[in-house]
Structure formats: structure tokens, C-alpha cells
Amino acid sequence: MPASRMPAGSMALAGPLLPVLLLLLGRPGRGAPGQGAGTWSRFARLPYPQDQLFLHDTFPDGFLWGAGSAAYQTEGGWRQGGKGASVWDTFAHRPATPPEAAPSGPVGGDVASDSYNNLFRDVEGLRRLGVSHYRFSLSWSRLLPNGTAPANPAGLAHYRRLLLRLQELGVEPVVTLYHWDLPQALQDAFGGWASPVLPQLFHDYAELCFRHFGGQVRYWLTMDNPYVVAWHGYGTGRLPPGVQGGSRLGYLAGHHLLQAHAKVWHLYNDRFRPTQRGKVSIALGSHWIKPQRMTEKNIKECQKSLDFVLGWFAKPIFIDGDYPESMKSNLSSLLPEFSEVEKEYIKGTADFFALSFGATLSFQLLDSHMKFQQLESISLRQLLYWINSEYNNPKIFIVENGWFVSGTTKRDDAKYIYYLKKFIMETLKAIRYDGVHVFGYTVWSLLDGFEWHRGYSIRRGLFYVDFQSHDKKLMPKSSVLFYQKLIEKNGFPPLPENQPIEGVFPCGFAWGVVDNYIQVDTTPTQFLDSSVYVWDVHQTKKLIKVDGVYTSKRKRHCVDFAAIRLQISLLQEMHVTHFHFSLKWSLMLPLGNLSLINHTLVHYYQCFASELLRVNITPVVALWQPMMDNQELPVSLAKYGGWENTETVQAFVEYARFCFTSFGDHVKFWITMNEPSVKNLTYTAGHNLLKAHAKVWHLYDKEFRRTQKGKISIALQADWVEPACPFSRNDQEVADRILEFDIGWLAEPIFGNGDYPEVMRAWLHRINSVDLYNFHLPYFSEDEKNLIQGSFDFFALSHYTTTLVGSEKEDAVKYDHYLEVQMINDITWLHSPSRAAVVPWGLRKLLIWVKSKYGDVPIYVMANGIDDGQNMVHDKLRVYYIQNYINEALKAYTLDAVNLQGYFVYSFNDKTAPKYGLYSYTANQYEPKPSMKHYREIIDNNGFPGPETPELLCPEEVASCAECHFFRTRKSLLAFISFIFVAFIVTIFFITYYSKRVERRYK
């Protein structure tokens, strides 16, 4: 069934069919070490772009949603309630501050978020979120100040209060026994995890916790991310206790951590599980890695990278009690060995797979040599699939996931939201598409705190904490509202506005394509050469010109331009009704005035327009479009300031008069200026440009409209701008401001009140007075306002993408100090090879915005397109782009009553707009891409008709079959053939008639 005949929902790219396609590609069977290596090739074969689209679906019933924190990061109270010192207390108080930490907050975790004194404050935050569980850690040194008995009653009472309050709210506790804060006494006495004594001491500590708290806890985690503790605590010394013992000591510490975990699991399994009925695991952190190139060698290196970080601890626990083969073969004597008894003891000591994935390990604490020269990535979905394949399909609980924002960011944490959205989306896809059993998700973290080696230079909390304040109130960030709504909906359920619609556009809808500048080839054909030639048949076999002998010159004809015939035939093949291109002012009038006219080019344009009309394609012609070289102005004008110079205004008027006179008989659809770039305009240049447009519009209206019966307007580039935090008033104000500067600057004087937007004037006044800028926005006289206001026949816009903007400065590279706006990227959006975001709903929002500001004005989308890569795979993105942007345009027309009258795809071909064309161009040959054929089907259907769509009867409707199109576009040829045929029949008749008369006469 052709795509154009499919129901509208089917090209929303096969939501229901995608899981089937993924099943055909294979879900992991029973896992085993090494099977994860198939992950990279599997994900390289997934259907594009369907697999990368946002998945509107919900998580399984009973899915666990939570938030987490760690004792040292948030508790504070380091000298309160009898707490002993931890290795982090000692490390943070050293004279040398950790190199990555910024001195923008208190020292270490001495006070941090002060959760020790604000227990009910934190729990209230949980209640507001509506989470099902809360992951937190117990401070070993608060419960056992010296690391061993006796226990601290104040510490026991603190955690009892927390567990009781969680129970009252119905929030499930997920409790970590050890989150990096080893009692300093154990480090001093035994050397910490470098000592074989530690596993038994950890066992004793765990026994205390199970005994006192086990009745209220169903999920236990023995420790968090042992890789970080072992490698950076005892190998590199980058983190507490800061022992620079090298690889050997790092691997020894890891050995003891594994033994300690196994001891605690068996303790719970043997003594506490029968009565407490809980589950015990270990939180393992991991990165994700992708090959530099998809070669077998690189994939093996990626597999090795995961073995050395995650597999170091996961394989002994989840498979066979022993280290990965890649570690054993590469590290030889550096890696300790387990006895057979130890292997059996360690194997299977986890009731679920607890995964930590995010900013702490990825891109920060992963040693570069453990990447094995491959590329680190943040694909949670692929990691989940790898774990599923490698470790025998375990039940996975994501116990830590999130990202970070700058330490200076307050409450509009857009960057954090979009990373969270990406990770949760990937988790959902892993469940729905890949068959991975994930049963819970924990965002990190509940509130801002001390961020380990990064200190207070970053923030990871859902709730903002002012570390300089005394009361440390929790203030919800925008991410709180995002996560809260997500929990309420249990994911991203399909919404009506996300669904494609069926329907058709009105009769006479303009279906077009754009070519910024048509291919101009004015090379004369041989028939225009008046010279006489002799063919040297005996020697050179070439034509030899006879000097001094000429034939009479004939008049030029449009058929002399072969390039025109080719371009017209390609446009006919597309079935478009309109073709939009720009004239070259700088070539037609090289001196900027009528003193020198390129008559050959003028004739070429005349022929092109007339040939378009001959095949029923309406030419849409722009007088000027800025390009790189002198902004496509004649050199004489560009040299003296271009649009900064008022003389350019009058020159443009005279140029327009010449064009209306020369081409007006063929062109009825004019654009004065196509996509003037506000990014490159000064306020003075914009001022003159508006006056030039208005004068040209009035020129046409007064002198040419009555006889030529055309229409004219300006075409503005209009990408949509969306507030990065949809719940933030500040971000909404920023978005409104950018729309006025990007679109309203030129649109408001023409389509609005004749003057610049008030938002622009107010903002420029503010920054000029506060920041000592000197940006002057000129004023129009009353006559000029009257001249400019209403100088349009329609609203023409070019739209390509949507941008997110925020008010909080997060990334200096993408921050605009002048407009005080932060550009944000939603990493769940599809992106083209040039990183242009594919956001179809942005077009609908833009069209609604234009209608709301400027009334029921006729609107044409004059350009809409996306770039692709070098191979045909990427043209699938353009197929998706065209399909869904046009469908959003249909929603605007059908559901929002936008007066939309035309849609043009950008661009015609790759020769004039590389990577954007509907036709590829190689070796002097044009080839239609799949996207061209798809666009043609939409044109032939006039939209997306469905079974319930009423038939649209348009006057003089022409059949869309190829045969009909052939005859329709060759009327002159058919008339000539008909004449010849009739003449032939008449001739035969007369010959026969007179032959018979002659015969009778002789008889």
C-alpha cells in the first residue's frame, strides 16, 4: 500500500510495528559472558529513524519511581550526635582542595544540605514528588563511630525516625549500607579496604543494620559503585582515602569489596531473609562505550572496557564467581585469584541487578586507559541491553541515574530535565522494544548536595538548596514538576496532539519546491552561431570555420537553453504546482542601476518563467535573497555599506521596477526579500530594508497590480522558539523575547502596527541603561509607519527547526549575553547530520502564533527542509521530516483554522543546495531521492486522506495519473501532431479521389 494511501497514523513511523522489527533483529536469549558483544551490531541495524523517535508509552504497572541521596553528600552534622569521622571528612579537610572542586560553598560535607537536622523537610520533598521509593545510605561512622561496636544510640534513633516517617507516607526505603564514607578509624587501624580484615568488619556492621532496621526495609544495597572505591580510593588516590597504591592495590581493594559484599548477602540470606523477606544486591556503576569504527577489533575493545569497569564486579556476582577472562588475560599477576570455594561463595550473591549510571562515573571518574581507545557514550538503553545479554537476563533496578547543572544554576534546570527525559525514555525503550526487565528507576538526586570530587561546582538535585543560607530550605526546581508529572502518568502516554491526523488541504493549495537560485546556463546553442563551417572529410575529420562568411542571425528562442528544459522536466516529475526561486540582482544589474543590464540573463529568466507556465507550474520569484558574497548585492552598493546606506533603498526600488516590467507578464507571485537574516542585520540596515520592501510593495500596488494581477509580500525566516522549562515564567519570557527579536523585528512593522515590537524597545532601553551598551533602534516617522504598515498580500515564512531557550546561564558557548538567553538542546529529539533538530510540532505552534499576532492573514510556508548524509539511509530522515511537518501544517489548517494556502519543500536539488535536495546530483546526473517520490504522493493526495475523509471536488481538477500528466503538459505538441494527422488524412483522401477520377476518364 503506497504511503500516501495509508492511514495518517501509519507514517507516524510505525509505532506498533517497531517492536516486531526489533524482535526480528533479536532480543537476548539466555545470557552468558561475551554475548553482550552483539549489542553494538544490533543497534547499528535498528530501523532509522523509527528507533530514534520519541516513544509515547507508559511503564509496566507497578513500576517503581524514586529518588536518592547519599549520607555524606547531604546529611552534614559531621560533629553532631556522636558521629565519628569518615575518610571523606578527613579528605575534605586536607589543606589541598580536590582539584575539580570549586570554592563556591562550604568545605566538604560538614554541613552540606543539613539533612541530619532537616529530616522532615526531605521527606516532605518526597511526598511532593509522589515517589514510590527513596534510596538513601546509612552513615557507617554515625552508627559505629569507630567502625566497630559499640553502636551510637543517636545514630540509630536518627535512621529509625527517617524509616518511620517513610512508612507513614507509604514510601519504600531502599537502603545502602556503605556509600563511600568508610570510618576513618578503620582506615587508620587496618588500611581500609586494602586489608583482608575489612570484609568481616563490614559483615558485623551489616548485621547491626539488619537487626535494627530490617523489619522496615525490603531492598538493601551492600555498597555503592565499588569500582570508584577500589580504583580511585586505593589505586589512583584521586578520592578518599587517597591511597596512591597503583593498579595492584586497586585490584586488591576490589577483591576485598567483593568478599565483603558476599559475606553480607549470605548473612542476610541465612539469618534475616526468612523473617524480613527482603532483597539484597550491590549498586554497580558503569559507563557506556562505542567503537571508533564498527570493526570486530574495536568491538572487542569496547567489550573489554565494560569488563574492566562493570564486569570486574558483575561477572563474579552474576555469573561464576570469577573475574572476566579479558581482565585475567591482560592483568596476569596484578589481579588476585579466588579459590574454587570463594567462587562458589560469591556467585549468585544478588537478588537483582542494581545499576548506577550517570555523571559520577561517565565522563568523570572513568580512567582514560579503560576506554581502550574507544568512544565514551551516554546510551543507557544500550547498556541495559548489554547487561541483559551478558548476565543472564537479570531483573534490573536503576538505583542511580541523572545528570548535573552548573553550581550557579538555581531553579530552572532545563539541561537536567532533558538528560532525565533521555534516560527515562531509553529505559522505556529497553523495556518495550528490547525485552529488558527493568522494574524500578531512581533519579539522582533528591536535593542538591556535596558532589564528591566536584564539590559544589555542580548541582544534581531536584530540589534547590542555598548552601549559604542558615535554614537550608528546599525549593523545587523545574525538574520537580517534570518528574512529578511523569510519575503521575507512569511515563509518556500518547496524547491527541502527538497523533497524526487524516484530511486534505483546500482546493488550489500551493504545493511547491524551492531553489535559492536556479541553475543558470546561458551557453548559446549551435543554432545561434551565424558562422559557416566546412567539414574536412579527408584529413582532420573536423569542422573548419570559413572566415568572413556568415549567415543571417536568427532570433533567440527559449528552446536554445538546454538547462531550462532539464530543470522543467524534473519539476514536472515532482507534480508541484509552484516553484520558488530568487533572482540575482548582482548579475542582472552589475552596477546596481540600469546603466548596465545583463540582457542574456534577463532573457534566461523570462524563458524560465514562461516555460514554467507552459507546464502549469506557477513561478514564485524573489527579488533579493542574501547570500555570502556581498549579501547578493551589486558590488557598487555593497562597497558603500549595502543596506546601511539609504541609496540602496532607492536602487532596490528601481531594480524592482525593472523586474516587474521585464517579468511581470509571467510572474504573478512576488517576494520582495527572501529570508533576510536578522542575525546579520544591524538595526539601521533592518530599518532601511523595511522601507525598501514597503516602497516596492506600493510600487507594485500602484503601477503594476491592475494590469499584471499578481500578489507580493516579504518572506521571513521563522524558526520556532520554545521555553526550555515549560513550567518556568522566566523561560517563557525569554522565548517571547527571542520570537520578537527574530521574527517580530521585521514582521510587526509590516503585519502589525507599523512600528517595532515594544518588547524590543523596552529590552534595548534596559540593557543600554544597565549594561552600558549602545544599541540604537531607529524610529519611523508617521509617514513611514503608514507606508510600511499593511505592505503585504500574504505572510510568507521559512521554517526549518525549533530551538529551546532558557533564562539560566548554563553553557557559556551557547549563551547570548546580549539577549540573556541560554540555548538548550533536547537530546531526545531527532537531529540531522548538521545537528538541526527535527521538531514537527514547532511548525504548528509557529503558525498558531502568527495567526494570534497578525490575524487571519493568508500564510505560505515558503521553505521547509532538512539536510541529509551522503547515503540514502539518511534520506529516510527527510521522508519522516516531510511527512510529519506537512501533517502538522494540516493540523494547523484543520484544527486551528490557520489560513494556510501553500507549502514548499526546501530544496529542489543537491547541486544548488548540497545535502538538502529532493534530487541527488552526481556525475552530471539528477536522480530522484525516495523523499521526492514521497512528497509527490502527498501532493497527488492533496494531504493525507483517510477512509472517513470526504471527497474534495475541486474545479478543473486534473487527474494525477502519469499518462494524463504526459498529455496535459504537452498540449502544443499534441495539437501539432493532430494537425499533421488531419492533413495526412485529407491528403490521402484527395489523392484517392483524384486517382479514381483519372481512371474513370481513361476508361
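Quick notes on the rules
- Residues numbered from 1 in each chain as written.
- Predicted model: local features only at pLDDT ≥ 70, side-chain atom pairs only at ≥ 80, totals over all residues.
- Heavy atoms only, no water.
- Buried < 20%, exposed > 50% of the residue type's maximum accessible area, 1.4 Å probe, protein only.
- Helix = DSSP H or I, 4+ residues; strand = E, 2+ residues; numbered from the N terminus.
- Pairing = 2+ DSSP bridges.
- Core = buried A, V, L, I, M, F, W, Y, C linked by side-chain atoms within 4.5 Å.
- Contact = heavy atoms within 4.5 Å.
- Axes fitted to C-alpha atoms, helices over the stretch in contact; angles between N-to-C directions.
- Disulfide = S-S within 2.5 Å.
- 1 Å grid on protein atoms, 1.4 Å probe; cavity = no way out; pocket = protein on both sides within 12 Å on 5 of 7 lines; lining within 4 Å.
- Points joined across faces, edges and corners; volume = space filled by probe spheres on them.
- Nonpolar A, V, L, I, M, F, W, Y, C, P; charged D, E, K, R; others polar.
- Phe/Tyr/Trp six-rings, centres within 6.5 Å; stacked < 30°, edge-to-face > 60°.
- Lys NZ or Arg CZ within 6 Å of the ring centre and 35° of its normal.
- Expected span 1.5 Å × (residues − 1).
- Parallel < 35°, antiparallel > 145°, perpendicular 65-115°, else oblique.
- Left-handed = near helix turned anticlockwise from the far one by under 90°.
- Salt bridge = Lys/Arg side-chain N within 4 Å of Asp/Glu carboxyl O.
- Patch = residues over 30% accessible without salt bridge, like charges linked within 9 Å, V, L, I, M, F, W, Y side chains within 5 Å.
- Areas by Shrake-Rupley, 256 points an atom, 1.4 Å probe, with all protein chains shown as cover.
- pLDDT = per-residue confidence, 0-100.
- Polar contact = N/O pair within 3.5 Å; in protein donor to acceptor, adjacent residues only side chain to side chain.

A.B. asks: I'm lost on the pairing of strand 4 (residues 219-224) in this one. Help?
C.D. replies: A regular strand carries its side chains on alternate faces of the sheet. The buried fraction of strand 4 is high, at six of six residues. Looking at chain direction, strand 3 (residues 172-178) and strand 4 are connected through four bridges and run parallel. Considered in strand 4, the bridge of Tyr-178 is made with Met-223. Bridging between strand 4 and strand 5 (residues 279-285) involves four bridges; their strand directions are parallel. Each residue of the ladder has a partner; that of Tyr-219, found in strand 5, is Lys-279.

A.B. asks: Would you explain the nonpolar core in this entry?
C.D. replies: Within soluble globular proteins, side chains that are nonpolar generally end up buried alongside one another. Ranked by size, the top nonpolar core spans 299 residues in total, and within it Leu-138, Trp-193, Trp-220, Tyr-483, Leu-583, Trp-670 and Tyr-935 carry the most contacts. The greatest single-element share of this core, amounting to 12 residues, is contributed by helix 17 (residues 414-432). Not counting residues up to four positions away in its chain, the partners in contact with Leu-138 are Ala-71, Leu-143, Tyr-159, Val-175, Thr-176, Leu-177, Asp-181, Tyr-205, Cys-209, Phe-213 and Trp-220. Among the nonpolar cores identified, the runner-up in size contains 10 residues, and Leu-64, Leu-221, Ala-354 and Phe-439 belong to it.

A.B. asks: Help me understand the sheet that holds strand 20 (residues 618-624), please; the structure alone is not making it clear to me.
C.D. replies: To summarise the sheet geometry, strands pair through backbone hydrogen bonds and adopt either a parallel or an antiparallel arrangement. Within the closed barrel, the eight strands sit side by side as 16-19-20-21-22-24-30-31. Their pairing is parallel. Within this sheet the neighbouring strands show an average axis-to-axis angle of 25 degrees, counted without direction. Strand direction decides the pairing type here: strand 30 (residues 859-863) and strand 31 (residues 900-906), joined by three bridges, are parallel. Looking at strand 31, one finds that Ile-859 is bridged to Leu-900. Strand contacts of helix 21 (residues 599-614): strand 19 (578-582) and strand 20, with the helix running at about 170 degrees to strand 19, the strand carrying the most contacts.

A.B. asks: Any chance you could explain the state of the cysteines here in plain terms?
C.D. replies: Here, disulfide denotes a covalent bond that connects the sulfur atoms of two cysteines. Tallying each qualifying case throughout the model produces two disulfides. Across a sulfur-sulfur distance of 1.9 Å, Cys-507 and Cys-954 are joined as a disulfide pair. Here the disulfide of Cys-507 and Cys-954 is left-handed, its torsion about the S-S bond being about -90 degrees. Residue Cys-507 is found in the loop between strand 15 (503-504) and strand 16 (510-515), and its partner Cys-954 is found in the loop between strand 34 (943-944) and helix 32 (962-968); the two are separated by 447 residues along the sequence. Across the disulfide from Cys-558 sits Cys-607; the S-S distance is 2.1 Å.

A.B. asks: How do you make sense of the sheet that holds strand 25 (residues 802-806) when you look at a structure like this?
C.D. replies: Ordered in space as 23-25-27-26, the four strands form an open sheet in which the pairing is mixed. On the outer flanks of this sheet lie strand 23 (720-723) and strand 26 (815-816), each paired with one strand and no other. Looking at chain direction, strand 23 and strand 25 are connected through four bridges and run parallel. Note that in strand 25 the partner of Val-721 across the bridge is Thr-803. Contacting strand 23, strand 25 and strand 27 (821-824), helix 26 (residues 729-751) runs over the sheet at an angle of about 165 degrees to strand 23. Set on the sheet, helix 29 (residues 840-854) makes contact with strand 23 and strand 25; between it and strand 23 the angle comes to about 100 degrees.

A.B. asks: Is there a simple way to think about the layout of surface pockets in this case?
C.D. replies: By volume, the second largest pocket amounts to about 1,400 Å³. Of all the secondary structure elements, the ones that give two or more residues to the lining of the second largest pocket are helix 2 (38-44), strand 8 (375-377), helix 16 (380-390), helix 17 and strand 28 (830-831). With five residues, helix 17 is the largest single contributor of residues to the lining of the second largest pocket. Partitioning the lining of the second largest pocket into residue classes produces 19 nonpolar, 10 polar and nine charged.

A.B. asks: What is the right way to read the packing of aromatic side chains from this model?
C.D. replies: How two aromatic rings sit relative to each other is given by the distance of their centres and the angle of their planes. Applying the stated rule across the entire model yields 93 aromatic pairs. Ring centres 6.2 Å apart and planes at 80 degrees place the aromatic pair Trp-65 and Tyr-483 in the edge-to-face group. Of this pair, Trp-65 sits in strand 1 (residues 64-68) while Tyr-483 sits in helix 18 (residues 478-489), and the two are 418 residues apart along the sequence. An identical accessibility class is assigned to Trp-65 and Tyr-483; each is buried. An aromatic cluster of at least three residues, connected via ring pairs, comprises Tyr-72, Trp-88, Phe-91, Trp-180, Phe-450, Trp-452, Tyr-456 and Phe-467. The ring of Phe-43 is capped by Arg-42, whose NZ or CZ atom sits 5.2 Å from the centre of that ring. Cation over ring: Arg-737 sits above Trp-763, and NZ or CZ is 3.8 Å from the ring centre.

A.B. asks: Would you mind showing me how to read empty space enclosed by the protein here?
C.D. replies: If a probe as big as a water molecule is rolled over the atoms, it shows which places are left empty. Within the structure shown, the criterion is met by eight cavities of 30 Å³ or more. Here the largest cavity is characterised by a volume of approximately 140 Å³. In terms of lining, the largest cavity is formed by 15 residues, of which the most central are Glu-75, Ser-115, Asp-122, Tyr-134 and Leu-162. The set of elements that each furnish at least two residues to the lining of the largest cavity consists of helix 3 (71-74), helix 5 (119-129), strand 2 (133-137) and helix 7 (153-169).

A.B. asks: How should helix 19 (residues 562-574) be read in this particular structure?
C.D. replies: Each α-helix turn comprises 3.6 residues. Residues three or four places apart therefore point the same way. Relative to the 18 Å expected for 13 residues at 1.5 Å per residue, helix 19 spans 19 Å between its end C-alpha atoms, a close match to the ideal helical length. Listing the buried residues of helix 19 in full gives Ala-563, Ile-564, Gln-567, Ile-568, Leu-570, Leu-571, Gln-572 and Met-574. Once helix 19 ends, the next one or two residues include His-575, with phi positive near 70 degrees.

A.B. asks: Explanation requested: the environment of Cys-659 in the structure shown.
C.D. replies: Structurally, the position occupied by Cys-659 is in helix 23 (residues 646-663). Residue Cys-659 is classed as buried on the basis of its relative accessible area of 0%. Residues Cys-659 and Gly-348, spaced 311 residues apart in sequence, show a C-alpha to C-alpha distance of 82 Å. Those residues in contact with Cys-659, other than ones at most four positions away along the chain, are Leu-583, Met-588, Leu-623, Gly-664 and Trp-670.

A.B. asks: I tried to follow the packing of helix 26 against helix 29 on my own but got confused; where do I start?
C.D. replies: Axis angle and axis distance: for two packed helices, these are the angle between their axes and the distance between the axes, and together they describe the pair. At their nearest, the axes of helix 26 and helix 29 sit 12 Å apart, and the two run at 40 degrees to each other. In this view, helix 26 runs oblique relative to helix 29, as classed from their interaxial angle. Crossing geometry of helix 26 relative to helix 29 is assigned as right-handed. Of the residues in helix 29, those touching helix 26 at Leu-739, Glu-740, Ile-743, Gly-744, Ala-747, Glu-748 and Phe-751 are Leu-846, Trp-849, Lys-853 and Tyr-854.

A.B. asks: Please clarify how the pattern of salt bridges should be interpreted in this entry.
C.D. replies: Oppositely charged side chains are able to pair whenever their charged atoms sit close together. Taken as a whole and assessed by the stated rule, the structure comprises 50 salt bridges. Across the pair Lys-845 and Glu-722 runs a salt bridge whose closest N-O atoms are separated by 2.8 Å. With Lys-845 in helix 29 and Glu-722 in strand 23, the pair connects residues that are 123 residues apart, well separated along the chain. Note that Glu-782 is salt-bridged to Lys-785, the shortest N-O span being 3.5 Å. Of this pair, Glu-782 and Lys-785 both sit in helix 28 (residues 782-788), three residues apart, roughly one helical turn. For Glu-782, a relative accessible area of 52% corresponds to the exposed category. On the accessibility criterion, Lys-785 (19% relative accessible area) is buried. Each of Asp-322, Glu-325, Lys-328, Glu-340 and Lys-343 takes part in a single network of salt bridges with overlapping partners.

A.B. asks: Please clarify how a nonpolar patch on the surface should be interpreted in this entry.
C.D. replies: On the surface, Phe-981, Val-982, Phe-984, Ile-985, Val-986, Ile-988 and Ile-991 cluster together to form a nonpolar patch covering roughly 650 Å² of accessible area. Tracing the sequence through the fold places Phe-981 in helix 33 (residues 971-1002).

A.B. asks: What should I look at first to understand the confidence of the model for the protein chain in this one?
C.D. replies: Regions with low pLDDT should not have their predicted coordinates read in detail. The predicted model of the protein chain averages 91 in pLDDT, with 90% of residues at 70 or higher. Overall, residues 1-15 carries pLDDT values under 50, and its contacts beyond four positions in sequence, including any with other chains, amount to 31 contacts.

A.B. asks: Is there a simple way to explain the side chain of Glu-451 in this structure?
C.D. replies: When you line up the elements, Glu-451 lands in the loop between strand 11 (438-444) and strand 12 (458-459). You can call Glu-451 buried: its relative accessible area is 3%. In this structure the side chain of Glu-451 is engaged in a polar contact, spanning 3.1 Å, whose partner is the side chain of Gln-73.

A.B. asks: What is the right way to read the packing of helix 17 against helix 18 from this model?
C.D. replies: Close contact between helix 17 and helix 18 brings their axes to 9 Å; oriented N to C, the two are set at 25 degrees. The orientation of helix 17 relative to helix 18 falls into the category roughly parallel. With respect to the hand of their crossing, helix 17 and helix 18 are arranged in right-handed fashion. Contact with helix 17, carried on its side by Tyr-416, Ile-417, Leu-420, Lys-421 and Ile-424, involves Ser-478, Ser-479, Phe-482, Tyr-483 and Leu-486 of helix 18 and no other residues of that element.

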